[in-house]
Amino acid sequence: MIQVENLVKRYGGHVAVDGMSFTVEKGKIYGFLGPNGAGKTTTMNVMTGYIAADGGTVVIDGHDILKEPLAAKGCIGYLPEIPPLYPDMTVREFLLFAAELKKVPKAERKDRVAALEERLSLSDMSRRLIKNLSKGYKQRVGLAQALVGNPKVLILDEPMVGLDPKQIIEMRDLIKGLAGEHTVILSSHILSEISAVCDHILIISKGKLAASGSPEELQKMMQGTAELSVTVIGEQEQVKAVLEKIEEIGQFSFEDGSEEGSILIHIETKDDTDIRKTLSVALAGEGIPILSMNRSEKSLEDIFLELTEAEEDETVADETDSVTGEEESDESNL
């Protein structure tokens, strides 16, 4: 449905999007996740044709956004972070106006708008001025204008920003209900919003694509090793002898447990292996009581922080190398 290849966008000396490439499949919900300033909004603005890229291509349903802008834009419904609303219009007036702009046939406009109002729970607000609506209802009106042309692709920039918890849940349900009928791309810097709604997550940092996959795939990709925290009653040397016989254990360490005579063991296993059953049998065989055993996995929060921090570290290193290179060049000229 969407193909982005080597996308680049600069603002002066700042590279906002740096060689980004990804593919979006039809009928799924994709999430752009990244900290503020990561390049999410810029990428969306280029994809919608709002701004031009400095390099790369964006193809929407077979139409290049630069070579066939009208055909490509005709496939897109866009909700910016600040909805493009006319506050002195009523909801019905604005949506009919949006339908006219999207070239909805005149005979179909009233029925199309009424159906959207019903679907987005706006029917009771249709005669109210937009300026008198709450933030949540304004977001619904913004979503309705994005949908009124029945686009194949729906692009939503921070659609839940500023909403209260109840409104966030309602907006999540609305977006999830659009999957299949529309291909949806939404952005956020809040992980819980993305993971609750999206089939596929693209983590963006410093204008680059740091990782891409389903929530489950990202967790599996970043897991690497599993960690166990085990509390036992026994002598450290006896426990050590048991652990050294289990091949799946990569490394382990000890510290005093919270209960008298107990030992807290931190264990890292190889290749994300689950050794709880093997370990339990081995310890029990040596008469070592187990008080507790907890297996920890990296959450999406851990993965997000690890990826974005790694990207920042690489950027700092590159900048340091560049500065060092310039200094060496200056010295050689002297």
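This text gives an overview of the structure that appears in the document. Predicted model only: the values in this text are computed from it and were never measured. Throughout this description, residue numbers start from 1 for each chain and increase along the sequence as written. For a predicted model such as this one, the threshold for reporting local features is a pLDDT of at least 70, and the threshold for listing and counting side-chain atom pairs is 80 or more; totals across whole chains, interfaces and linings nevertheless cover every residue. Here the side-chain values reflect all heavy atoms present in the structure, with hydrogen atoms and water set aside.

### Some points on the sheet that holds strand 12 (residues 249-256)
A pair of strands is considered paired only if DSSP assigns at least 2 bridges between the two. We count a stretch as a helix when DSSP gives it H or I for four or more residues in a row; a strand needs E for two or more, and each element gets its number in order from the N terminus. Taken together, the four strands give an open sheet; going across it, the order is 12-13-11-14, and neighbouring strands pair in antiparallel fashion. The sheet is open, and its two edges are formed by strand 12 and strand 14 (290-296), each paired on a single side. On average, each strand axis in the sheet is tilted by 15° relative to the strand beside it, whichever way the strands run. With seven bridges connecting them, strand 11 (residues 227-233) and strand 13 (residues 262-269) associate as antiparallel partners. Paired with Glu227 across the strands is Glu268, a residue of strand 13. Where helices are involved, their axes are fitted lines through C-alpha atoms of the stretch in contact, as for all axes, and angles between N-to-C directions lie from 0 to 180°.

### Things to note about helix 5 (residues 135-147)
Counted at 1.5 Å a residue, the expected span for helix 5 with its 13 residues is 18 Å, and the 19 Å between its end C-alpha atoms agrees. For helix 5, the buried fraction is high: ten of the 13 residues fall into the buried class. Burial classes follow relative accessibility: with a 1.4 Å probe on protein chains only, a residue under 20% of its type's maximum area counts as buried, one over 50% as exposed, and anything between as partly exposed. Considered for burial, the residues of helix 5 that qualify are Gly136, Gln139, Arg140, Val141, Gly142, Leu143, Ala144, Gln145, Ala146 and Leu147. Looking at the packing, one finds that the buried side of helix 5 touches strand 6 (76-79), helix 3 (91-101), helix 4 (106-119), strand 7 (153-157) and helix 6 (165-176). The span one expects for a helix is its residue count, reduced by one, times 1.5 Å. Residue contacts follow a heavy-atom distance rule, with two residues in contact if any of their heavy atoms lie within 4.5 Å.

### Some remarks on unusual backbone geometry
Positive phi, normally seen in glycine, also occurs at Asn6, with a value near 50°. For Lys206, which is not glycine, the phi dihedral falls at a positive 55°. Within the secondary structure, Lys206 sits in the loop between strand 9 (200-205) and strand 10 (208-213). Owing to a relative accessible area of 44%, Lys206 belongs among the partly exposed residues under this scheme.

### Considering the nonpolar core
Counting residues in each nonpolar core, the largest one holds 43 residues, and the members touching the most others are Val141, Leu143, Leu154, Leu156, Ile175 and Leu186. Other than its neighbours up to four places away in sequence, Leu143 contacts Leu79, Leu120, Leu154, Leu156, Met171, Leu174 and Leu178. Buried Ala, Val, Leu, Ile, Met, Phe, Trp, Tyr and Cys residues that are joined via side-chain atoms within 4.5 Å together make up what is termed a nonpolar core. Ile60, Ile65, Leu202 and Ile204 belong to the second largest nonpolar core, which has 26 residues in total.

### Quick word on the packing of aromatic side chains
To pair, rings of Phe, Tyr and Trp, with the six-membered ring standing in for Trp, must have centres within 6.5 Å; the planes then decide the type, stacked if under 30 degrees apart, edge-to-face if over 60, and tilted in the middle. Applying the stated criterion across every chain, the model contains four aromatic pairs. Summarising the aromatic geometry, the rings of Phe22 and Phe32 are spaced 5.5 Å apart at their centres and angled 80° between planes, so their arrangement reads as edge-to-face. Separated by ten residues along the polypeptide, Phe22 in strand 2 (residues 14-24) and Phe32 in strand 3 (residues 29-33) bring together distant segments of the chain. Grouping residues by exposure puts Phe22 and Phe32 together as buried. When the ring of Tyr86 is compared with that of Phe97, the centres are 5.7 Å apart and the planes differ by 85°; the resulting orientation is edge-to-face. A residue pair is termed long-range when its members are at least 10 positions apart, and Tyr86 in the loop between strand 6 and helix 3 and Phe97 in helix 3 qualify at eleven residues.

Just geometry here; none of it tells us what the structure is for.
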